[in-house]
Amino acid sequence: MFGFSRSQQIAFLMMLALIIVCPFVLYPVFLMRVLCVALFACAFNLMIGYVGLLSFGHAAFFGMGSYVAAWTMKFWHVDAVIAILLGGATGAVLGLCLGYLAIRRSGIYFAMITLALAQMVYFFCLEASFTGGEDGIQQVPRGYLLGFISLENDMTMYWLVAAVFLAGFLLIHRIIHSPFGQVLKAIRENEPRATSLGYRTDDYKLIAFVLSCMLAGVAGGTKALVFGIATLTDVHYSTSGEVVLTTLLGGLGTVFGPVMGAVLVTTMENYLAQFGQWVTVTQGVVFVICVLAFRRGVIGELGGALRLAL
Amino acid sequence: MTISRRALLGTATAAAAMPLVRPRAQGAPTIKIGVLNDMSGPYLNTGGPTSVICCKQALEDFGVSGKGLNIEVINADHQNKPDLAVSIARQWFDRDGVDMILDVPTSSVALAVQGVAREKNKIFLASGPATTALTGEQCSPNFVHWTYDTYMLAKSTGGAMVKAGGDTWYFLTADYAFGKQLQADTTAFVQHSGGKVLGASAYPFPGTTDFSSFLVQAQSSRAKVLGLANAGADTVNSIKQAREFGVNQSMKLAALLMFVTDVHALGLDVSQGLNLTESFYWDLNDRTRAFTNRVKPKTPNNWPNMIHAGCYSATLHYLKTIAEMGVAEAKKDGAATVARMKKMPVEDDCFGKTTIREDGRNLTTAYLFEVKQPSESKGAWDYFKLMATTPGDQAYRPLAEGHCPFVKAA
Amino acid sequence: MIMIFGIPGPLLFGQLLLGLINGAFYAMLSLGLAVIFGMLNIINFAHGALFMMGAFASWMLLQYAGIGYFPSLILAPLIIGAFGVVLEKTIISRLYKLDHLYGLLLTFGLALVIQGLFRNYYGSSGLPYRIPDILQGATDLGFMFLPNYRGWVVVAAAVVCLATWAIIEKTPLGATLRAATENAPLVQAFGVNVPRLITLTYGGGVALAAFAGVLAAPIYSVNPNMGDNFINTVFAVVVIGGMGSILGSIVSGFGLGVIEGLTKVFYPQASATVVFLVMVIVLLTLPHGLFGRRA
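The text that follows walks through the structure, step by step, so that each part is easy to find.

Basis of the calculations
- Residues numbered from 1 in each chain as written.
- Chains lettered and ligands numbered in written order.
- Predicted model: local features only at pLDDT ≥ 70, side-chain atom pairs only at ≥ 80, totals over all residues.
- Heavy atoms only, no water.
- Helix = DSSP H or I, 4+ residues; strand = E, 2+ residues; numbered from the N terminus.
- Rg over C-alpha atoms; globule rule 2.2 N^0.38 Å.
- Buried < 20%, exposed > 50% of the residue type's maximum accessible area, 1.4 Å probe, protein only.
- Contact = heavy atoms within 4.5 Å.
- Areas by Shrake-Rupley, 256 points an atom, 1.4 Å probe, with all protein chains shown as cover.
- Axes fitted to C-alpha atoms, helices over the stretch in contact; angles between N-to-C directions.
- Left-handed = near helix turned anticlockwise from the far one by under 90°.
- Nonpolar A, V, L, I, M, F, W, Y, C, P; charged D, E, K, R; others polar.
- Polar contact = N/O pair within 3.5 Å; in protein donor to acceptor, adjacent residues only side chain to side chain.
- Expected span 1.5 Å × (residues − 1).
- Bend = angle between axes of the 7 residues up to and from the residue.
- Patch = residues over 30% accessible without salt bridge, like charges linked within 9 Å, V, L, I, M, F, W, Y side chains within 5 Å.
- Salt bridge = Lys/Arg side-chain N within 4 Å of Asp/Glu carboxyl O.
- Phe/Tyr/Trp six-rings, centres within 6.5 Å; stacked < 30°, edge-to-face > 60°.
- Lys NZ or Arg CZ within 6 Å of the ring centre and 35° of its normal.
- Disulfide = S-S within 2.5 Å.
- Pairing = 2+ DSSP bridges.
- Core = buried A, V, L, I, M, F, W, Y, C linked by side-chain atoms within 4.5 Å.
- Buried area = accessible area lost by both parts, 1.4 Å probe.

## Thoughts on the overall build of chain C
Link 1 in the chain: Counting its secondary structure elements, chain C contains 11 helices and four strands.
Link 2 in the chain: The globule rule puts the C-alpha radius of gyration for 295 residues at 19 Å, and the 19 Å found for chain C is close to it.
Link 3 in the chain: Residues counted as buried form 60% of the 295 residues belonging to chain C.
Link 4 in the chain: Considering only residue pairs separated by 6 or more positions, chain C has 76% of its internal contacts joining residues 24 or more positions apart.
Link 5 in the chain: Of the roughly 11,100 Å² that chain C leaves accessible, carbon and sulfur atoms contribute 71%.

Next up, the structure:
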């Protein structure tokens, strides 16, 4: 099913169980945030884990998806699902434009060029009137699902967010365990060989990039509806850095790594908000420790210890 | 075997997240105040921990324990991010039983928190932010804008400088909503007083540290006044560099938003001669001195500015209102509590007597200060001399011009 | 008055000169980065934080030891350089065998830690640091007043940049360094202590950043975020110049300063972003930057 191995199936079922049970025990808004970050991290992980390209500007797609969803919901009162899908579409289109420019390079140059392009998107968002500049787009209503189910209630909204997350997660997995995904793997392992076999590697990489950006846009759009706000923080390079941290901590290139990373990072931020001054320092320390001792991330290490691919 | 390890992972995750579940407090109802501001960024000294200290001072001065009230003060860092603030505010109101949020500098963040407070029918008393939108089209019955705003700054600093002969202006503006608003408000006053705006330079915010080229452009405009429509580190940098380029020899510098804490950071030899407006200064009168002496020992390196004083004053008035209304009543309905606050006269050591207007605007007095020369300063933090005073009822935008939706037409 | 594109001539020349001064800072900072990347293959994201530490070191020397500006110009880089050496020996040396993306992430984390710690202890408002008396005042150049201190900055930066370039390209020590980057085991076989060389190189790059920090202290407020504001631009400079090239970073540093200065005259809101636009254009046409040689 979806190409999960047996251990992954079990892990998936556990994750599903937690998703169903947790909102009754924990604060739903917190969980929704975790799910949005997790989806964003999964989208990012698609690029670094399966294509081997580190995108240091993924916030651009997340943020633009967030803005478009917020704007269409606030001013056009579209259905919630439509708003989220529009966010995803924005991510995809932007991914196509920027990806077309960036995909010709690889490694550190790819990272730097995505950073530069994301900075330009940030500048655009800063100056454009529709984004509301520093205020952002505020007081965004949650709207209605399918026209009649009101999403103002936190629990109702939670189920929608959970559904979106699971759909995205499974979509990514389906992509990876498909012939297309196999080609991506080949490109990551040995690009010249793949080219010699006749694959147009740049096209494959670009398609993967667009898919990754689309899902980042979906994550952004969902986040905007949950919190009713879309701001410049969503397109800022620190958000790009955060998703890298999240995925690194969870485990680059693993299936459940990004999800675990999202849980850890969001919990950490939540818990540390009271200690305000120490959040940045702690994030930095986590980064350093992860790179030095913990490169495979939580899930990676766990998988290594249990000799499983998670 | 494998399944049990997986189960362990799952349980561990759930357990790790457990601390978020807070059981409802049993026993006597507690009023919880949440101070939400910038604890790690450019507004750390302008607000930050000193705001929390002043809030707690209000508890002490009110004699909370003697009156049998249970009050708790918590705080968090919003890092100047509206979405983080919304997240924290929601959690505070929904899960942690917070009744009133205090401070919240950075106008965009304040607007976002205002929406949440209104949605949950709790209270938001803002001391930190500047934008007049908070009492304008976005006004809320759950909200009081306590200490100052862009209109008051523009009228006091702008208006006074024009009167003193500064009839041509050039603006150095932080290119975001707050800077642009400040520039717009000040321009209105300059033009109203018969002056002219010769030009403006909008620079990218945040991130600009070098203003040299904008300052050179300002100089070549030959305006008499350089209006600094920015705040925090930007203001400090632009002033430093203005001195370096000799701008202050041909132009007067008007720091449209500046606090005594910024002057402390700059040092007198750089900031002397600057004009700025605050609604509180520690050395203004006996009462302000008394307040500062009470607070000083707890924050010796960062004496209170108007934002800190505003936190004190707002908390004190809130406590007086709760004592009158009764804790249970006050907790139930935020809008009703704010309505009561507006009815009761406000008085304290920091601002003296003020009134809270219908749209949520607290009418504090605007004091125009000039920064002393180093030779004129006789002691620690002795930085200002008073140049002009605008009473509260004249300092702020008239009620009718605000278009606040729930204010009944006169 | 001559008008060029609607801007008065004197104003334009003034801005060009100011752009050149900013370029001096960019050049100095990117020089340290280029040295570290060129020799060590580490993308040192912590460079901004180390620059900030240099500024703080000079402030602390003044505050606690009464040591003035000119001695600080030598002392601060030595102190921070030593700190860099410690960093390299303990943390950074572990990364050499890994993909250089890990170096980026680690130094990114280090930057967060350093800046966070300084912020916690010193706040964000910034600390005052006076321009030394001998460099106060301004010179009337006819088309603008040039503060003497800024003139000094250009001169000092140019001298240091040239000296560094000369050491690396023209001296035996530099030759050994370059050889060690190409083929470390072989150079080690010649009896050169390569790890020590690398450590000192990192320390040298850090010292350059700290030197720039001391130069910057009187102009910008000495605050923990001062590195942040530079680091993005400086990275763009390094990439444009070609990631391992010393000459490239010097040339593109000064060049980008001038371009930024011109943008400030014609379209100031874009001045922070024009650097990235240039970077994208350069990367698309010349994949390894202007002077890059690495494959």
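From this point, the discussion proceeds with the structure in view.
## Thoughts on the packing of helix α3 (residues 69–90) of chain C against helix α8 (residues 194–216) of chain C
Residue and element names in this part refer to chain C.
Link 1 in the chain: Running from N to C, α3 and α8 cross one another at 140°; their axes reach a closest spacing of 7 Å. Considering how the two elements wind past one another, α3 and α8 form a crossing that is right-handed. Along its contact with α3, which presents Y69, S72, L73, A76, P77, I80, G81, G84, V85, L87, E88 and K89, the element α8 presents I198, T199, Y202, G203, V206, A207, A210, F211, V214 and L215.
Link 2 in the chain: A class-by-class count of the residues in the contact of α3 with α8 yields 15 nonpolar, five polar and two charged.

## Quick word on the side chain of T337 of chain B
All names here are of chain B.
Link 1 in the chain: Turning to its location among the elements, T337 is positioned in helix α15 (residues 334–343).
Link 2 in the chain: A distance of 2.8 Å separates a polar atom in the side chain of T337 from the backbone oxygen of D333.
Link 3 in the chain: Those residues in contact with T337, other than ones at most four positions away along the chain, are I123, Y318, T321, M325 and A330.

## Things to note about α3 of chain C
All names here are of chain C.
Link 1 in the chain: For α3, built from 22 residues, the straight-helix expectation of 32 Å at 1.5 Å per residue is met to within 8% by its first-to-last C-alpha distance of 31 Å.
Link 2 in the chain: Approximately 30° is the largest bend angle found in α3, and it occurs at L75, with the proline P77 only one to four residues beyond.
Link 3 in the chain: For α3, the full list of buried residues reads Y69, S72, L73, A76, P77, I80, G81, G84, L87 and E88.
Link 4 in the chain: On the buried face of α3, the contacting elements are α2 (47–65), α4 (100–122), α5 (148–170) and α8.

## Notes on unusual backbone geometry
Negative phi is the rule for most residues except glycine; trans is the rule for most peptide bonds.
Residues and elements named next belong to chain B.
Link 1 in the chain: The backbone phi angle of N121 is positive, close to 55°, even though this residue is not glycine.
Link 2 in the chain: By relative accessible area, which is 27% here, N121 ends up partly exposed.
Link 3 in the chain: In this structure, W381 is a non-glycine residue whose phi angle is positive, near 60°.
Link 4 in the chain: Take W381: it is sitting in the loop between β13 (366–371) and β14 (384–390).

## Examining a nonpolar patch on the surface
Residues and elements named next belong to chain A.
Link 1 in the chain: A contiguous nonpolar surface patch, about 480 Å² in accessible area, is contributed by I20, V21, F24, V25 and W159.
Link 2 in the chain: With respect to the helices, strands and loops of the structure, V25 is situated in the loop between α1 (6–21) and α2 (28–51).
Link 3 in the chain: V25 gets classed as partly exposed once you look at its relative accessible area, which sits at 34%.

## Focus: the packing of aromatic side chains
Link 1 in the chain: Within this structure, the stated rule accounts for 46 aromatic pairs over all chains.
Link 2 in the chain: Each ring, one from F118 of chain C and one from Y122 of chain C, has its centre 6.1 Å from the other, and the planes form 25°; the classification is stacked. Taken together, the residues F118 of chain C and Y122 of chain C, both in helix α4 and four residues apart, mark about one turn of the helix.
Link 3 in the chain: On the basis of relative accessible area, F118 of chain C is assigned to the buried category, the value being 15%.
Link 4 in the chain: Taking relative accessible area as the criterion, Y122 of chain C reaches 24% and is therefore assigned partly exposed.
Link 5 in the chain: Connected via pairs of aromatic rings, a cluster forms that spans Y281, W282, W303, Y367, F369, W381, Y383 and F384 of chain B.
Link 6 in the chain: Seen from the ring of Y100 of chain A, R104 of chain A lies directly overhead, with NZ or CZ sitting 5.1 Å from the centre.
Link 7 in the chain: Cation over ring: R295 of chain A sits above Y102 of chain C, and NZ or CZ is 5.7 Å from the ring centre.

## Quick notes on the state of the cysteines
Link 1 in the chain: Taken as a whole, this structure holds one disulfide over all chains when the rule is applied.
Link 2 in the chain: With a sulfur-sulfur separation of 1.9 Å, C139 of chain B is cross-linked through a disulfide to C404 of chain B. Between C139 of chain B and C404 of chain B the disulfide shows an S-S torsion of about 90°. By sign, it is right-handed. Highlighted residues: C139 of chain B in the loop between β4 (123–126) and β5 (143–145) and C404 of chain B in the segment after α17 (399–402), separated in sequence by 265 residues.
Link 3 in the chain: The exposure class assigned to C139 of chain B is buried, which follows from its relative accessible area of 2%.
Link 4 in the chain: C125 of chain A takes part in no disulfide bond, and the closest cysteine sulfur, belonging to C97 of chain A, lies 14 Å away.
Link 5 in the chain: The buried category is assigned to C125 of chain A, whose relative accessible area is 0%.

## As for helix α9 (residues 226–241) of chain C
Three- or four-residue spacings in an α-helix give side chains the same orientation, since the helix completes a turn every 3.6 residues.
Residues and elements named next belong to chain C.
Link 1 in the chain: Taking 1.5 Å of rise per residue, 16 residues should cover 22 Å, and α9 covers 23 Å from first to last C-alpha, within 8% of that figure.
Link 2 in the chain: Its maximal kink placed at N232, α9 deviates by approximately 30°.
Link 3 in the chain: Of all 16 residues in α9, 14 are buried, a share of seventy percent or more.
Link 4 in the chain: One or two positions beyond α9, positive phi appears at G242, with a value near 110°.

## Section: the pattern of salt bridges
Link 1 in the chain: Following the criterion strictly, the structure yields 26 salt bridges over all chains and no others.
Link 2 in the chain: The salt bridge involving R142 of chain A is made with D154 of chain A; its shortest N-O contact spans 3.1 Å. Of the two residues, R142 of chain A is situated in the loop between α5 (107–127) and β1 (144–145) and D154 of chain A in helix α6 (residues 154–176); the sequence distance between them amounts to 12 residues. Here R142 of chain A matches D154 of chain A in class, with each residue buried.
Link 3 in the chain: Close ionic contact of D94 of chain B with K120 of chain B constitutes a salt bridge, the shortest N to O distance being 3.0 Å. Placement of the pair is D94 of chain B in helix α3 (residues 82–94) and K120 of chain B in the loop between α4 (107–119) and β4, with a sequence separation of 26 residues.
Link 4 in the chain: For K120 of chain B, a relative accessible area of 21% gives the class partly exposed.
Link 5 in the chain: Here the salt bridges share partners, and the residues they tie into one network are D61, R287, R294, E347, D349 and K353 of chain B.

## A few points about the environment of V286 of chain A
Residues and elements named next belong to chain A.
Link 1 in the chain: Among the secondary structure elements, V286 is positioned in helix α12 (residues 279–293).
Link 2 in the chain: Taking the C-alpha atoms as reference points, V286 and S240, separated by 46 residues in sequence, lie 16 Å from one another.
Link 3 in the chain: Sequence-distant contacts of V286, defined by excluding residues within four places in its chain, comprise L245, L249 and M268.

## Brief notes about the sheet that holds β5 of chain B
Residue and element names in this part refer to chain B.
Link 1 in the chain: With parallel pairing, five strands are arranged side by side in an open sheet as β2-β1-β3-β4-β5. Taken across any chain shown, the strands that pair with only one partner, and hence form the sheet edges, are β2 (71–77) and β5. The average undirected angle you get between the axes of adjacent strands in this sheet is 15°.
Link 2 in the chain: Alignment of strand β3 (residues 100–103) against β4, held across four bridges, turns out to be parallel. Across the sheet, M100 pairs through a bridge with I123, a residue of β4.
Link 3 in the chain: Running at roughly 155° to β2, α3 makes contact with β1 (31–37), β2, β3 and β4 of the sheet.

## Considerations on the nonpolar core
Link 1 in the chain: Grouped together as the largest cluster of nonpolar side chains are 234 residues, with contacts concentrated most on F165 and F169 of chain A together with I101 of chain B.
Link 2 in the chain: When residues of this core are assigned to their parent elements, the largest contribution, 19 residues, is made by α2 of chain A.
Link 3 in the chain: If we skip the residues at most four places from it in the chain, F169 of chain A touches F4, F12, M15, L39, C42, V255, F256 and V259 of chain A.

## Let's talk about the interface of chain C and chain A
Link 1 in the chain: In this assembly, 37 residues from chain C lie in contact with 33 residues from chain A.
Link 2 in the chain: The contact between chain C and chain A buries some 3,500 Å² in all, and 79% of this surface belongs to carbon and sulfur atoms.
Link 3 in the chain: Among the residues of chain C in contact with chain A, L105, N120 and L284 of chain C are the three that bury the most area, contributing 16% of the side total.
Link 4 in the chain: Viewed at the interface, chain A and chain C are joined by zero salt bridges.
Link 5 in the chain: Linking chain C with chain A are zero residue pairs in polar contact (both at pLDDT 80 or more), by the criterion used here.
Link 6 in the chain: Every element with two or more residues in the side of chain C that touches chain A is listed here: α4, α9 and α11 (274–285) of chain C.
Link 7 in the chain: Counting residues per element, the side of chain C that touches chain A draws most heavily on α4 of chain C, at 15 residues.
Link 8 in the chain: Taken together, the residues that form the side of chain C that touches chain A break down as 26 nonpolar, eight polar and three charged.

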